[in-house]
Amino acid sequence: MRHRSGGSRVGRSLGRRSFLQASAATASALALPLGCVSRTEVLVADDPGPRWLHQARIAGIDFSDPEEQDADALLNAAVLAGASVVEGDSVLSDYLLGPAFDRRIAQIDTVAGKCHEHGLKCVWYMPSLEVVTADAERPEIPSIFKLYPDWVQVSIDRKPNVFYGTKEHWVDPGAESAWMCHASGYRDYFFERVRKLAATRLDGLWIDVPLYMDTVLRWCCFNPACIKKFKQDTGLSMDGLREDWSDPVWRTWIAWRREEIHRFTTDILAHARSVNPRFEIIIETVTMDTDIATVQALDGAARTRYQLSKPFPGTPAVALPSSMNRVWEVDSVSNDFGMRPAVKDDWICKLRAYKFAKAADRGGPSWVFSYGHEAVDAGLVMGAAVACGCPPYETKTPQMVTTVGSDFRTRMFRWIKAHKELLFDAVVAPTVGLVHSSATRDYVDQGPVDTSFFVSATNFVLNPEVYEADKSFFWGGSVADTQWCADYGGLFKALSHLHTPFHIVPLVGLFEDDFAALSQYRVLFVPSLTHVADMHVKALADYRARGGHLLVTGTGAGGMLIGAEDELGRARPEAARLDTALGLVGLTTPTTLAGSGGAGTLAFHPDRIGRTYFRENDPTALAFVATLLDSVGARPFTMDDAAFRDVHIERSRLGTKTLLHFVNYAGAPDKLVAAKGRAPLPFASEYTVMRKDITLTYPELATAKQVTFVSPDPAFRAEQCRREGNRLTVAVHQYTMAILES
């Protein structure tokens, strides 16, 4: 699901309906690797094994017209390319009456069986809360909204969340896009279909973006069913509720919406597993870690805490996992040109999204979209994904069931297959944790209308030349112009520039039985944490008391105090605030407090220095971060950070092996410059591959018996890399992995 910022959210990157009509072209592109293989021959992939979700290489295939397609030829192509999972696509987005849906079920079951014959796992795309009806703008055409008007989401202005064509480019002209209320009578309609699909030979369902859509309306859902449930759950009334961030009812409603969407996703899984206990649900999540999650309420950091659930009557209790499988839709800066016009800080945003996905999934599979325009940008995108431990879904932006190119997919998938255990079974080895707070994001940034996921968002009024050059470019306000998101994103950038391995730690999914795990971090970075639950105040205070080190940023002169409000935006007494628990009350200058009695160091800066570094590359902000890291020995590598600032390093471990992952985005421009009329890319600046030879000292090399260097990059040569004692020189074009064997 693709979003831009602006007066409305427009421009989804999946482009399903229009692009599914081009199935013949898609089939031709996917079939290119077949060569002289007979179309009747069945090629069989290697058994993906029990960890198929975690080691997946996902390819989308359009089966919208199965009677006219050669499924075996399409699946042979996927096998040859090295795919292990097929994402099947058809017309389940459309409003299908019972018999039409049942016919599709039979076709899907047949395709799933064929996938298994080819040794491939198969999951099927199914929208969750959107239903599209072709030509429904014509009064005589029945649609789900016309037949069931009380099923749709309702906005704060009491308008139905329904629009017709053109506002999203995956909705054909004249078609109706109706966004349904998860608490309405639509539930029975939807869950019946989930159960029918779970009874087929499918391995799982790819559930598209369960959220409150804001293409034409903001702040849904005021459907009577949600109004009633909010009252039941909270005891509060939504009568007269308006967008007022000082209103405790409004703030409670913001948090409640997130919980509702998460409960809906677990209900989907429960219904599926009531039919097939081994059936998988993969939730497509577009909101990532930024302000879009505030408005749309789908928050991937949320986590199911119960192991046994019986959420609906008449069915047996079913076991649920402790986290939900997700495929994270990590966008590109441009629908038309992918990441080719991305600046360096946009690549930081891309890496941040992949690391957040891995952190939020807490050991889950963490499938991610690996969008690209051409091999030149797609290669770096996929390198970034696997460096963060995320299995890639390869496709060409803005389409869903296509590829950047058969040669590219084959090269990347086969290399990933050869190293799948090292990439996806290794455990990240952090020295630092970066705290993410959904509540602070919500109540500080407040879901602004005009903010994008990337830094180089282009407001078409302020930057008309850039916007005119590429109208598919993200537009609106830069994420660096936000408050909390920019502080969090800037500390991410600083840690990346200082080549310090780190985790993202989402607070919303952190519970008391997880608190002991915080001790694995030598340092916790806490960006301007103004809204925090009581248990997290205790967790952070206890972490420091046990010897952990903290870096805490503030909100600037006159800003809100650290931990001044709880996770619902309710004011705390001073004695219960986080700044009180940490001894920060009254501090107005950058301060480092040494612990006593075994307590760890506390570095405090009263300003949002992450935001300052994000926006201005302020060297004093970076120095403040580096000083604490060096004082507690949290930086494992010794290197010239300034020389290699545009190389991101990840570290992980598998058994006796330590893996160092190097992602090089040095070929990206520092600034985007428009060049009107220039073909094929309308920018004077664009990403190009730029090799860097990274030199670093790493003490763990002293115990390494051997070091091996591998990369999927075509220009890579292992002889360009070397080890000299505890010193490494690594040649990186886009992505290189060093394997240290102890």
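I will try to describe carefully the structure that is included in this document. Everything numeric here is computed off the predicted structure, so don't read it as measured data.

Across all of its chains, the model carries 40 salt bridges by this definition. Across the salt bridge formed by Asp-102 and Lys-196, the nearest N and O atoms sit 3.0 Å from each other. Of the two residues, Asp-102 sits in helix α4 (residues 98-117) while Lys-196 sits in helix α6 (residues 186-198), which places them 94 residues apart along the sequence. Asp-102 sits in the partly exposed class, given a relative accessible area of 36%. The salt bridge involving Arg-263 is made with Glu-260; its shortest N-O contact spans 2.5 Å. With Arg-263 and Glu-260 both in helix α8 (residues 248-273), this residue pair falls three residues apart, about one helical turn. Judged by its relative accessible area of 34%, Arg-263 falls in the partly exposed class.

Taking 1.5 Å per residue as the helical rise, α6 with its 13 residues ought to reach 18 Å, and the 18 Å between its terminal C-alpha atoms agrees with that figure. When α6 is considered as a whole, its buried residues turn out to be Tyr-186, Tyr-189, Phe-190, Phe-191, Arg-193, Val-194, Leu-197 and Ala-198.

This paragraph deals with the nonpolar core. Membership of the largest hydrophobic core comes to 181 residues, with the highest contact counts inside it found for Leu-205, Trp-253, Ile-281 and Phe-525. The greatest single-element share of this core, amounting to eleven residues, is contributed by α8. Counting residues in hydrophobic clusters, the runner-up holds 23 residues, among them Tyr-521, Leu-529, Leu-540 and Leu-578.

This brings us to the sheet that holds strand β26 (residues 722-724). In spatial order, the strands read β21-β24-β27-β26; together these four strands make up an open sheet with antiparallel pairing. Sheet topology places β21 (638-639) and β26 at the edges, where each strand pairs with a single neighbour. Pairing between β21 and strand β24 (residues 692-697): two bridges, direction antiparallel. Pairing of Thr-638 across the sheet is with Thr-697, part of β24.

Moving on, we come to the packing of α8 against helix α14 (residues 438-445). Between α8 and α14, the least distance of the axes is 11 Å, while the angle of their chain directions is 135°. Considered as vectors, α8 and α14 are oriented oblique to each other. α14 is crossed by α8, and the crossing has right-handed handedness. Each of Arg-251, Ile-254, Ala-255 and Arg-258 in α8 lies in contact with α14, whose residues at this interface are Ser-438, Ala-439, Arg-441, Asp-442 and Tyr-443. For the contact of α8 with α14, the residue count by class is four nonpolar, one polar and four charged.

With mixed pairing, the six strands of this open sheet are ordered in space as β16-β15-β17-β18-β20-β19. The open sheet has two edge strands, β16 (502-506) and β19 (591-593), and neither has a second partner. Along the sheet, successive strands turn relative to each other by an average axial angle of 20°, direction set aside.

Looking now at the packing of aromatic side chains. Following the criterion strictly, the structure yields 28 aromatic pairs and no others. Consider the rings of Trp-151 and Tyr-189, whose centres lie 5.8 Å apart with planes at 55°: the pair is tilted. Separated by 38 residues along the polypeptide, Trp-151 in the loop between α5 (144-147) and β5 (162-164) and Tyr-189 in helix α6 bring together distant segments of the chain. The exposure classification of Trp-151 matches that of Tyr-189, with both residues buried. A centroid spacing of 5.2 Å and a plane angle of 80° characterise the contact between Phe-230 and Trp-256, whose relative ring orientation is edge-to-face. In this pair, Phe-230 is assigned in helix α7 (residues 224-234) and Trp-256 in helix α8, connecting sequence segments 26 residues apart. Accessibility assignment for this pair places Phe-230 and Trp-256 in one class, buried. An aromatic cluster of three or more residues is present, and its members are Tyr-148, Trp-151, Tyr-186, Tyr-189, Phe-190, Phe-191 and Phe-264. Positioned above the aromatic ring of Trp-253 is the side chain of Arg-257, whose terminal nitrogen or guanidinium carbon lies 4.6 Å from the ring centre. We note Lys-355 situated over the ring of Phe-502; from NZ or CZ to the ring centre the distance is 4.6 Å.

On the secondary structure map, Phe-502 appears in strand β16. Taking the C-alpha atoms as reference, Phe-502 lies 9.8 Å from Phe-525; in sequence the two are 23 residues apart. When near neighbours in sequence (up to four residues on either side) are disregarded, Phe-502 contacts Lys-355, Pro-430, Val-432, Leu-434, Phe-492, Leu-495, Ser-496 and His-648.

Basis of the calculations
- Residues numbered from 1 in each chain as written.
- Predicted model: local features only at pLDDT ≥ 70, side-chain atom pairs only at ≥ 80, totals over all residues.
- Heavy atoms only, no water.
- Salt bridge = Lys/Arg side-chain N within 4 Å of Asp/Glu carboxyl O.
- Helix = DSSP H or I, 4+ residues; strand = E, 2+ residues; numbered from the N terminus.
- Buried < 20%, exposed > 50% of the residue type's maximum accessible area, 1.4 Å probe, protein only.
- Expected span 1.5 Å × (residues − 1).
- Core = buried A, V, L, I, M, F, W, Y, C linked by side-chain atoms within 4.5 Å.
- Pairing = 2+ DSSP bridges.
- Axes fitted to C-alpha atoms, helices over the stretch in contact; angles between N-to-C directions.
- Parallel < 35°, antiparallel > 145°, perpendicular 65-115°, else oblique.
- Left-handed = near helix turned anticlockwise from the far one by under 90°.
- Contact = heavy atoms within 4.5 Å.
- Nonpolar A, V, L, I, M, F, W, Y, C, P; charged D, E, K, R; others polar.
- Phe/Tyr/Trp six-rings, centres within 6.5 Å; stacked < 30°, edge-to-face > 60°.
- Lys NZ or Arg CZ within 6 Å of the ring centre and 35° of its normal.

Nothing here speaks to function; it is geometry throughout.
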